[in-house]
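Coordinate analysis (summary)
As a plain string of letters, each chain reads:
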Amino acid sequence: EAARARLDDLAGKVAKLIDGCQVGAERTKTIVEKLRTFARAGEGEIQSVDLAESLDTAVMLLGHRIEASGIELHRDYGALPRYRCRAGALNQVFVNLLANALDAVGHAGGQVWISSRVLAE
């Protein structure tokens, strides 16, 4: 009876570990895909860019800093058209801006807002 309970407990723990591994593998896959996109965008060619996707890539690349700092990140993306630009340079700008914002807030309980809008001229 005790041995059976112990086996059931171990089976539950193994199932949780496998689920955790699966989640970790999916997260790693997403990170690698974003890094590939980020690296290809650095080739300097002008291309059509989804700004929300570029912003999300910057957030993903700095996700470890955001999580470790305890800073609350808010995203508020308005509808934006695609833009033609050097995607790698734009991605680097977004990463730098977000890193600067995290440095400026610098502590748990702080908040960083990322908003996008099309402004009327």
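Every value quoted in this text rests on a predicted model; they were computed, and no experiment measured them. (Residues numbered from 1 in each chain as written. Predicted model: local features only at pLDDT ≥ 70, side-chain atom pairs only at ≥ 80, totals over all residues. Heavy atoms only, no water.)

Some remarks on the overall build of the protein
- Scanning the protein from terminus to terminus reveals four helices and four strands.
- Reading the secondary structure of the protein in the N-to-C direction produces α-β-α-α-β-β-α-β.
- Taking all 121 residues of the protein together, the buried fraction comes to 24%.
- Partitioning the intrachain contacts of the protein with sequence separation of at least 6 by distance along the chain shows that 83% fall at a separation of at least 24. (Helix = DSSP H or I, 4+ residues; strand = E, 2+ residues; numbered from the N terminus. Buried < 20%, exposed > 50% of the residue type's maximum accessible area, 1.4 Å probe, protein only. Contact = heavy atoms within 4.5 Å.)

Observations concerning the pairing of strand 4 (residues 111-116)
- What you see with strand 4 is a clean split: V112, I114 and S116 sit on the buried side and Q111, W113 and S115 on the side with no burial.
- In the sheet, strand 2 (residues 72-77) pairs with strand 4 via six bridges, with the strands oriented parallel. From the neighbouring strand, H74 faces strand 4, where its bridge partner is W113. (Pairing = 2+ DSSP bridges.)

Brief notes about the pattern of salt bridges
- Within this structure, the stated rule accounts for five salt bridges.
- We note a salt bridge from R4 to D8, for which the minimum N-O separation is 3.9 Å. Placement of the pair is R4 and D8 together in helix 1 (residues 2-41), with a separation of four residues, close to one helical turn.
- Assessed through its relative accessible area of 55%, R4 is described here as exposed. (Salt bridge = Lys/Arg side-chain N within 4 Å of Asp/Glu carboxyl O.)

Comments concerning the environment of R75
- Inspection of the secondary structure assignment puts R75 in strand 2.
- The exposure class assigned to R75 is partly exposed, which follows from its relative accessible area of 46%.
- The spatial distance from the C-alpha of R75 to the C-alpha of V112 is 8.6 Å, given a sequence separation of 37 residues.
- Only 2.7 Å separates the side chain of R75 from the side chain of D56, close enough to count as a polar contact. (Polar contact = N/O pair within 3.5 Å; in protein donor to acceptor, adjacent residues only side chain to side chain.)

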